[in-house]
Amino acid sequence: MRGAEAALSTRQIERLGAPLLVAWQITRDCDLACLHCCTESAPGKRLADELDVEESLRLADELIANEVPYVMLCGGEPLVVPHFLDLATRLGRAGVQLKIETNGQRLDARHIAQLATLPVRSVQVSLDGDTAGTYARQRPGASLEKAHAACRAVRAAGLPLEITFAPTRLNIHEAEAVIERARSLGAFRFNTGALMRIGTAARLWQRLQPSEEQYRRFRQMLERSARALANESLELCYTPFSMADGLRASVTEPPAMLLVLPNGWVKVAAALPQICADLRHDTLAQAWAHYRAAWRDPTVLAALERAIAEESRHADANRWQQPTPVH
Amino acid sequence: MSPSTPKIASPEPARPAATEQRPQSEKPRWETPRMEDVSEQVMAQPYIRFT
């Protein structure tokens, strides 16, 4: 076996028969129109060709049959999808661990009661501010009070809570307060990093991008807070800090995950437009094989190099390129 | 080479996935994915943290 091929064969994705994680955007629709949204979701943005309930449940059955251990349901806002709970229940009752990503605006008692019966590893709620004004500036029309109430309800039901904070010029000054909020709400993790230049954020980049000085202070604060929280149950997660850092790590060890779009297409990486499979037509096993092949494909590797070198190229990530059959 | 500008390993030509290419007798034994193998490397990706 040649050297380069031998190195590739040691990758985790070359050993596994299925992904460890499926991140499934079940809709592009959302009840909010956040300025920093990486998927360009907003009210009425449901795609015409999104998987319907039967197709979604069929895909869920395939994930179960292929023994995928962990599925993240996200969007858009997954809770606007009428069959969200059916999907979560189908997966969860079969033993698939779940992560639910939500803005918390419509997480009600019915959701909480059902999710509490399932193997939920994380309910991740976005808290992009600690004052109502800042939060609503970044998430127009959203209620911070509702998001906090959702967090409290998650914890009251014994579900694990995770908080995410997308820093922008509008809210970065409140990051430390949100960390303290996450701690007081009983979250087990606080996620942040550099703002991703994808989707709506890319369009509004000049308005949103924090300055170098803001990022410098932000990182100092994160390091200080991480030290202060060393003996607490709240973990701060902020590395790899940027998309480029994440891509750089993926070059040698591609993540053992599939990112499934609302229409069943599978992306090679969030920051790239390349699509490697279509789960309307491909089986999960085929999609996984195509994903592995994509991480050896010279075209994809060249696109990765460009995306690592030039962050502005991430702005093309949502201009999906038709799946290329791998034979 | 600067650590901030890594070169991607010399690309192999795109080729069929191993499962589809090899004869039945040479098929690799795939490992079953397990929850305990869902590493920080998978979950700490910026996209997963932020979505």
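Conventions adopted
Residues numbered from 1 in each chain as written. Chains lettered and ligands numbered in written order. Predicted model: local features only at pLDDT ≥ 70, side-chain atom pairs only at ≥ 80, totals over all residues. Helix = DSSP H or I, 4+ residues; strand = E, 2+ residues; numbered from the N terminus. Buried ≥ 20, exposed ≤ 12 C-beta atoms within 10 Å, placed from the backbone. Pairing = 2+ DSSP bridges. Axes fitted to C-alpha atoms, helices over the stretch in contact; angles between N-to-C directions. Contact = placed C-beta atoms within 7 Å. Right-handed = clockwise from strand over helix to strand, strands pointing away. Parallel < 35°, antiparallel > 145°, perpendicular 65-115°, else oblique. Left-handed = near helix turned anticlockwise from the far one by under 90°. Nonpolar A, V, L, I, M, F, W, Y, C, P; charged D, E, K, R; others polar.

## Section: the overall build of chain B
Per the secondary structure count, chain B includes 3 helices and 0 strands. Helices (α) and strands (β) of chain B occur, in sequence order from the N terminus, as α-α-α. Out of the 51 residues in chain B, the part that is buried amounts to 20%.

## Description of the sheet that holds strand β1 (residues 21–25) of chain A
Residue and element names in this part refer to chain A. Pairing is mixed in the open sheet, where 10 strands are placed in the order β7-β6-β5-β4-β3-β2-β1-β8-β9-β10. Since the sheet does not close on itself, it has two edges, and those belong to β7 (235–237) and β10 (275–278), each with one partner. For this sheet, the mean inter-axis angle between neighbouring strands, taken without regard to orientation, is 20 degrees. Sheet topology note: the strand β4 (residues 120–126)/strand β5 (residues 161–164) ladder contains 4 bridges and is parallel. Considered in β5, the bridge of Val-123 is made with Leu-161. Against the sheet, helix α7 (residues 144–156) engages β4 and β5, with an angle of about 165 degrees to β4.

## Details of helix α13 (residues 284–294) of chain A
In terms of burial, α13(A) is a largely internal element, 9 of the 11 residues being buried. Taken together, the buried positions of α13(A) are Leu284(A), Ala287(A), Trp288(A), Ala289(A), His290(A), Tyr291(A), Arg292(A), Ala293(A) and Ala294(A).

## Comments concerning the pairing of β1(A)
All names here are of chain A. Judged by how many residues are buried, β1 sits mostly within the fold: 5 of 5 residues are covered. What you see with β1 is no split at all: Leu-21, Ala-23 and Gln-25 on one side and Val-22 and Trp-24 on the other are buried throughout. Traced from β1 through helix α3 (residues 53–65) to strand β2 (residues 70–74), the parallel crossover comes out right-handed. Taken together, the 4 bridges between β1 and strand β8 (residues 257–260) define a ladder with parallel strand orientation. Residue Trp-24 lies in a different strand from β8, and its bridge partner there is Val-260.

## Topic: the packing of α3(A) against helix α4 (residues 84–93) of chain A
Residue and element names in this part refer to chain A. Look at α3 against α4: their axes get within 9 Å of each other, and the N-to-C directions meet at 20 degrees. Judged by the inter-axis angle, α3 sits roughly parallel to α4. The element α3 and its partner α4 pack so that their crossing is right-handed. Facing α3, whose interface residues are Ser-56, Leu-57, Ala-60, Leu-63 and Ile-64, α4 presents Asp-86, Leu-87, Arg-90 and Leu-91. Residue classes in the contact of α3 with α4 are distributed as 6 nonpolar, 1 polar and 2 charged.

## Some thoughts on the environment of Pro167(A)
Residues and elements named next belong to chain A. Relative to the assigned elements, Pro-167 resides in the loop between β5 and α8 (175–185). For the pair Pro-167 and Arg-58, spaced 109 residues apart in the sequence, the C-alpha separation amounts to 37 Å. In this structure, Pro-167 is in contact with Ile-172, Ala-175, Thr-192, Leu-195, Pro-210 and Phe-218, ignoring residues within four places of it in sequence.

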